[in-house]
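Coordinate inspection notes
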Amino acid sequence: MPDTSPALRRERRSTRAELRHEAIGRLVGPLLRAPGPDGGAALVVDLGGGAGTLSVELALLGHDVLVVDPSPDALAALARRAREAGVGERVRGHQGDARALPGLCGGRAVDVMLCHDVLELVDDPATTLAELAAAMRPGASLSLLTAQRSGAVALRAAVGRVEEALAALSDPDGRTGPDDPLLRRLDADATAALLGDAGLDVVEVTGVPVLADLVPEAVLDSSPRARESLRRLELAAADHPDLRGLASHLHWHAVRR
Ligand SMILES: C[S@@+](CC[C@H](N)C(=O)[O-])C[C@H]1O[C@@H](n2cnc3c(N)ncnc32)[C@H](O)[C@@H]1O
């Protein structure tokens with residue numbers, strides 16, 4: 001169901017970034033409609049939330065957001081952004097990683113856990129997912145965004161970076177080479193297994209984006225009509241099981257057992 005909140009559509013972005021942001025809003029919005037256990041605001045934790053692009057928007061919707069991130073620069077930007085948006089009191093930043101979660105929520109279990117573009121950077125994804133699950137109440141939602149190996153291979157091949165495509169395909173961690181900033185890209189079945197092992201049941205898997213990264217930017221820049229068509233194509237392709245393998249990222253909605 002599309003989330004039409006103006007807060008989730010606030011910033012001006014490139015077409016690809018806009019499509020990605022819209023897709024994430026559509027996917028995360030419904031998870032937040034269930035209030036916290038006392039009927040009040042949900043407790044949302046954003047692991048690796050960075051400078052808070054999403055967290056501040058969620059706080060604007062009335063939720064309490066805790067961002068846990070090892071980067072002091074990102075947390076400083078988060079605090080500034082939250083203050084400027086008038087939600088400084090609803091957004092809390094903590095410098096650390098998932099190991100810090102037990103001591104951070106004041107005995108309150110997490111209602112919605114976000115972990116976007118972070119499993120690619122942690123030492124051990126299985127441990128991180130177990131730590132996230134342990135902080136969530138039973139029935140709580142996890143919104144997980146992961147870089148997908150097959151999508152990276154397709155994209156590198158499409159732009160002629162064939163050696164990198166080959167490396168990503170053959171490397172056990174899906175890396176494109178020694179300079180790859182990511183420690184890994186996950187295959188879909190490996191992610192599903194990791195989630196299951198952590199006690200998280202998968203509800204839905206969606207490509208974010210599926211095809212947009214494969215469309216030349218020049219085409220999008222030259223024509224508003226092409227942008228609109230791509231938006232419709234992305235919507236149609238997001239859940240398509242055969243096309244999902246092309247997606248640069250997968251969004252996983254999983255629920256704590
Ligand atoms: C690619 S950014 C994603 C930011 C944000 N989640 C988003 O989707 O826009 C990755 C973030 O993960 C953080 N990070 C790196 N290692 C981490 C770890 N071990 N635990 C938690 N966060 C980590 C980085 O500081 C950075 O803010």
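Here, every reference points to the structure presented above.
One structure accompanies this document, and this report is about it. Values in this document were obtained by computation on a predicted structure and should not be read as measured data.

The rules behind the values
Residues numbered from 1 in each chain as written. Predicted model: local features only at pLDDT ≥ 70, side-chain atom pairs only at ≥ 80, totals over all residues. Heavy atoms only, no water. Salt bridge = Lys/Arg side-chain N within 4 Å of Asp/Glu carboxyl O. Buried < 20%, exposed > 50% of the residue type's maximum accessible area, 1.4 Å probe, protein only. Helix = DSSP H or I, 4+ residues; strand = E, 2+ residues; numbered from the N terminus. Contact = heavy atoms within 4.5 Å.

We now examine the pattern of salt bridges. Considering all chains together, one arrives at 15 salt bridges under this definition. The partner of Glu164 in a salt bridge is Arg161, and the shortest N-O contact between them spans 3.2 Å. Under the relative-accessibility criterion, Glu164 is labelled partly exposed at 25%. Residue class for Arg161 comes out partly exposed when judged on its relative accessible area of 42%.

Cis geometry marks the peptide bond from Val208 to Pro209, where omega comes out at -15°. Note that Pro209 resides in the loop between strand S6 (200-207) and helix H8 (217-222). We note that Asp117 has phi near 60°; this positive angle belongs to a residue other than glycine. Along the chain, Asp117 turns up in the loop between strand S4 (110-116) and helix H4 (125-135). Under the relative-accessibility criterion, Asp117 is labelled partly exposed at 26%.

With respect to the element layout, Val67 can be found in strand S2 (residues 64-69). Under the relative-accessibility criterion, Val67 is labelled buried at 0%. Taking C-alpha positions, Val67 is 7.6 Å from Gly52, a pair spaced 15 residues apart along the chain. Among residues more than four places away in sequence, those in contact with Val67 are Asp46, Gly49, Gly50, Ser55, Leu75, Leu78, Arg92, Gly93 and His94.

In terms of burial, helix H2 (residues 53-60) is largely enclosed, as 6 of its 8 residues are buried. Packing partners of the buried residues in H2 comprise helix H1 (15-28), strand S1 (43-47), S2, helix H3 (72-84), strand S3 (91-95) and S4. Phi turns positive, to about 105°, at Gly62, one or two residues after H2.

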